[in-house]
Amino acid sequence: MKQPDKSFKTERLILKPTSENDTKFLFDLFNSPNWIKYIGDRNIKSINGAKVYVNTKIIPQRKSYGYSVYTLIRKNDNLKIGTCGLYDRDGIEGFDLGFAILPKYENMGYGFESAKKLINISFKEFFLDSLSAITTKDNMSSIKLIKKLGFQFIRNIKLPYDEKEFQLFETKNPIYR
């Protein structure tokens, strides 16, 4: 079911569809040390580059499927702290759950809170039958979080556009288990 402009709420966060209004924040996130180390350098070297990324990657996917990337905004101060989204990635069947938090806000439970909400929405409102999650084998905090969210390790994979080897995890909609 398409809901391209719908936001979702958790106890502490608003998950708002990422838009051009988020480009300064995304520029900072894409160039944070853990993003570059574990997710990869997207070669976004300007705020305009982040705007191009939003308009060529995020918005077209949202228009096609009704969901994509959500900017995480703390309710108590309206601060943008990270992203959580469903990615249509080459080399992965179905959708990949991805999350990233600015370094200052890591290890505060925001990744779990937002990902848990998006998983529930994916199964109950978007009617997906399963989700994947990938991470590098050295990203121990992501592996721990992915497992805490109920994903099971499937195998190691390489994506068509990346030299790194990733670990592929999957979780199924409880209706289909």
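In case you missed it, the structure is sitting above this.
For clarity, every value in this text was computed on a predicted model and none was experimentally measured.

Novice: Any chance you could explain the overall build of the protein chain here in plain terms?
Specialist: In terms of regular secondary structure, the protein chain is built from five helices and eight strands. Taken against the 2.2 N^0.38 rule, which gives 16 Å for 177 residues, the C-alpha radius of gyration of the protein chain at 15 Å falls within 12% of a compact globule. In terms of overall dimensions, the protein chain has C-alpha extents of about 40 × 35 × 30 Å along its principal axes. Evaluated residue by residue, the protein chain yields a buried proportion of 50% over its 177 residues. The contacts of the protein chain with a sequence gap of at least 6 include a subset with a gap of at least 24, amounting to 59%.

Novice: In this structure, what is going on with the pairing of strand β4 (residues 80–87)? I would like to understand it.
Specialist: Along any regular strand the residues' side chains alternate between the sheet's two faces. For β4, the buried fraction is high: seven of the eight residues fall into the buried class. Two strands pair when backbone bridges link them, and strand β3 (residues 69–74) and β4 are joined in this way by five bridges, in the antiparallel orientation. What sits directly across from I73, in β4, is K80. Taking the residues that link successive antiparallel strands as the turn, the β3-β4 hairpin has five residues, and the phi of N78 there is positive, at about 60 degrees. When β4 meets strand β5 (residues 96–101), the two strands line up antiparallel, connected through six bridges.

Novice: Where do I start with the pattern of salt bridges in this structure?
Specialist: Pairs can form between side chains of opposite charge once their charged atoms are near each other. Tallied over the full model, the rule gives 11 salt bridges. Note that R12 is salt-bridged to E113, the shortest N-O span being 2.6 Å. Of this pair, R12 sits in the loop between β1 (8–9) and β2 (13–17) while E113 sits in helix α4 (residues 110–124), placing them 101 residues apart in sequence. Relative accessible area serves as the criterion here: at 29%, R12 is assigned to the partly exposed category. With a closest N to O distance of 2.9 Å, D22 and K16 form a salt bridge. Salt bridges linked by common partners bring K16, D22 and K80 together as one network.

Criteria and cut-off values
- Residues numbered from 1 in each chain as written.
- Predicted model: local features only at pLDDT ≥ 70, side-chain atom pairs only at ≥ 80, totals over all residues.
- Heavy atoms only, no water.
- Helix = DSSP H or I, 4+ residues; strand = E, 2+ residues; numbered from the N terminus.
- Rg over C-alpha atoms; globule rule 2.2 N^0.38 Å.
- Buried < 20%, exposed > 50% of the residue type's maximum accessible area, 1.4 Å probe, protein only.
- Contact = heavy atoms within 4.5 Å.
- Pairing = 2+ DSSP bridges.
- Salt bridge = Lys/Arg side-chain N within 4 Å of Asp/Glu carboxyl O.

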